[in-house]
Amino acid sequence: MNELLQQVRIINPVSGEDTIADVGIVNGAIAQIAPEIADWESDTQVRNCQGLILGPGLVDLYSHSGEPGFEERETLTSLMHSARSGGFTQVAILPDTHPPVDNPGGLAFLQQKVQGIRTLNDLFPPPTPSLPKLHFWGALTLGIKGEQMTELAELEASGIVGFADGQPIADLALLRRILEYLNPWGKPVALWPCSRKLAGEGVVREGTASIRLGLPGNPTIAETTALAALLEIVAATGTPVHIMRVSTQRGVQLIEAAKAQGLPITASTSWMHLLVNAAQINNPALFTPYCPSLHLEPPVGNPQDQQALIAGVKSGVIDAIAIDHTPYTYEEKTVAFAESPPGAIGLELALPLLWQHLVTTEQLSPVELWRALSSNPAKCLQQTPTAIAPGTVADFTLFDPQQSWRVTGESLKSLSSNTPWLEREIIGRVVEIWC
């Protein structure tokens, strides 16, 4: 179907442009962009898009799927619909399913499952909603236990997007061997620097807020000692690495210094670490006090950590914002804060809440936010970022920053609803994706 989007606001992070124009789409590709398009085919669907935003499709670097193993939390089908509802055209899934994706057979099962979902979706008469692409990370270690490396060569040849455990690898000798082995391939490698022993039972970042909350504190050095060791190994091996889940002010400083020295690294933080700090956990004006969905891993940081992460995204020290969508059932998450499993959903909520809290408050520009959610994550996955330009195949997100909606179990496409914004009104909603 040919479409004409009239007077849509175009955010183009590749070129840095933020303009208003008409956009003509023919056969799934942009045919024309102009201040005003007057002549168009008679069978074109014309849409008044004043007040709406068109940007490249969002790309999530890492999230979790319940399927296989925990389908009551999330299936691949519900995850794809949740991602579509949130404006994501690509999502990379971590290998911590049950069983984990640590061999080509496990990957083939997931690939076939996704193909079946797409085939079923294509059977419906048009217009069929676009479904996002799912990529899969392959595990670095068997069973994601950090003890023995997987058959990396076999996984690399089977179609993974890159290598990641999604869990810390404490054995630094093993980590060094893995990076030396992977160096010639040039495949993305994502690592989470965290010392479990230093973290202990901490559920919020150690500091004044953790004391006031009466919750076990997780010290900053649980992240930074592991990060410093990782950076030394990267310097020794020369293997490019993506650093996951940066959550502390000191972590941002270490990454900035490493980049200044020319180390081949990129970095990301989770979207919720940009929006929430430990001092807000017991603030009833913002959230239900001690809401278990604010128990994250790494834990919610102190206010100075939050501001450092926002500044890091703005400056580019933090390349990307990841969603780290982690679904849990109601029964799993409805327990005491410290006893709850860490994680929250976010695919449907990240763009509207980040826009509402960071763009409208002018802490980030629209281009800066969209770049951290789209073109930069694509680069981290070694893909060519989508540019909104004539001839570009449609891979876009249409977003209404003014639409208000209530977050409920019924309004969410995800099977799980473990989010601190449940039963709250938020502003901003995705209208459509082209994928």
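Heads up: the structure comes first, above all this text.
Residues numbered from 1 in each chain as written. Predicted model: local features only at pLDDT ≥ 70, side-chain atom pairs only at ≥ 80, totals over all residues. Heavy atoms only, no water.

**What about the overall build of the protein chain?**
A count of helical and extended segments in the protein chain gives 14 helices and 17 strands. For the protein chain, the C-alpha radius of gyration of 21 Å lies close to 22 Å, the compact-globule estimate for 435 residues. Its C-alpha atoms give the protein chain principal-axis dimensions of roughly 65 × 50 × 45 Å. Split into buried and exposed, the 435 residues of the protein chain put 57% on the buried side. Considering only intrachain contacts with a sequence separation of at least 6, the fraction spanning at least 24 residues in the protein chain is 74%. Per element, the accessible surface of the protein chain, about 17,500 Å² overall, is 51% carbon and sulfur. Side-chain charges of the protein chain comprise 26 positive and 44 negative groups, with the mean position of each set lying 4 Å from the other. (Helix = DSSP H or I, 4+ residues; strand = E, 2+ residues; numbered from the N terminus. Rg over C-alpha atoms; globule rule 2.2 N^0.38 Å. Buried < 20%, exposed > 50% of the residue type's maximum accessible area, 1.4 Å probe, protein only. Contact = heavy atoms within 4.5 Å. Areas by Shrake-Rupley, 256 points an atom, 1.4 Å probe, with all protein chains shown as cover. Lys, Arg positive; Asp, Glu negative; His and termini not counted. Charge placed at Lys NZ, Arg CZ, Asp CG, Glu CD.)

**Topic: empty space enclosed by the protein**
Inspection of the entire model under this criterion finds one cavity of 30 Å³ or more. Considered as a void within the structure, the largest cavity measures approximately 40 Å³ in volume. Lining of the largest cavity is provided by Ser-85, Gly-86, Glu-348, Pro-352, Trp-405, Gly-428, Arg-429 and Val-430. Split by residue class, the lining of the largest cavity holds three nonpolar, three polar and two charged. (1 Å grid on protein atoms, 1.4 Å probe; cavity = no way out; pocket = protein on both sides within 12 Å on 5 of 7 lines; lining within 4 Å. Points joined across faces, edges and corners; volume = space filled by probe spheres on them. Nonpolar A, V, L, I, M, F, W, Y, C, P; charged D, E, K, R; others polar.)

**Describing the packing of aromatic side chains**
Going through the model one piece at a time under the given rule, you end up with seven aromatic pairs. An angle of 35° between the planes, with centres 6.2 Å apart, marks the rings of Phe-163 and Trp-185 as tilted. Taken together, the positions of Phe-163 in strand β9 (residues 162–164) and Trp-185 in the loop between α4 (172–182) and β10 (189–191) put the pair 22 residues apart, joining distant regions of the chain. Classification of Trp-185 by relative accessible area gives partly exposed; the value is 30%. Here the aromatic rings of Tyr-181 and Trp-185 are separated by 5.3 Å at their centres, their planes lie at 75°, and the arrangement is edge-to-face. The class for Tyr-181 is partly exposed, based on a relative accessible area of 41%. Connected via pairs of aromatic rings, a cluster forms that spans Phe-163, Tyr-181 and Trp-185. Above the face of the Trp-192 ring, Arg-245 is positioned so that its terminal group lies 4.8 Å from the ring centre. One Lys or Arg, Arg-429, reaches over the ring of Trp-405 and ends 3.9 Å from the middle of that ring. (Phe/Tyr/Trp six-rings, centres within 6.5 Å; stacked < 30°, edge-to-face > 60°. Lys NZ or Arg CZ within 6 Å of the ring centre and 35° of its normal.)

**Regarding the nonpolar core**
Judged by nonpolar contacts, the single largest core of 96 residues is most densely connected at Ile-243, Trp-271 and Leu-354. Not counting residues up to four positions away in its chain, the partners in contact with Trp-271 are Ile-321, Ala-322, Ile-323, Ile-345, Gly-346, Leu-349, Ala-350, Leu-353, Leu-354 and Trp-421. Counting residues in hydrophobic clusters, the runner-up holds 17 residues, among them Ala-92, Leu-94, Ala-190 and Trp-192. (Core = buried A, V, L, I, M, F, W, Y, C linked by side-chain atoms within 4.5 Å.)

**Things to note about the sheet that holds β10**
The eight strands are arranged β6-β7-β8-β9-β10-β13-β14-β15 in an open sheet whose pairing can be described as parallel. Unpaired on one side and paired on the other, β6 (58–63) and β15 (320–322) mark the two borders of the sheet. In this sheet, adjacent strand axes meet at a mean angle of 30° when their direction is disregarded. Contacts between helix α1 (residues 76–85) and the sheet are confined to β7 (88–93) and β8 (133–138), with β7 contributing the most and set at about 135° to the helix. Sitting on the sheet, helix α8 (residues 249–260) is in contact with β13 (241–243) and β14 (265–270), with an inclination near 160° to β14. (Pairing = 2+ DSSP bridges. Axes fitted to C-alpha atoms, helices over the stretch in contact; angles between N-to-C directions.)

**A few points about the packing of α1 against helix α2 (residues 104–122)**
Following both chains from N to C, one finds α1 and α2 inclined at 60°, their axes separated by 10 Å at the closest point. The crossing of α1 and α2 is right-handed. Where α1 abuts α2, its residues Leu-76, Thr-77 and Met-80 lie against Leu-110, Lys-113, Val-114, Ile-117 and Arg-118. Of the residues in the contact of α1 with α2, the class split is five nonpolar, one polar and two charged. (Left-handed = near helix turned anticlockwise from the far one by under 90°.)

**Structural notes on the pairing of β8**
Buried residues dominate β8, accounting for five of its six residues. Bridge count for β7 against β8 is four bridges, and the pairing is parallel. Across the sheet, residue Gln-90 finds its bridge partner in β8, namely Lys-133. In this structure, β8 lies alongside β9, joined through two bridges in parallel fashion. Paired with Gly-138 across the two strands is Phe-163, which belongs to β9. In the classification by handedness, the crossover that spans β8, the intervening helix α3 (residues 152–157) and the parallel β9 is right-handed. (Right-handed = clockwise from strand over helix to strand, strands pointing away.)

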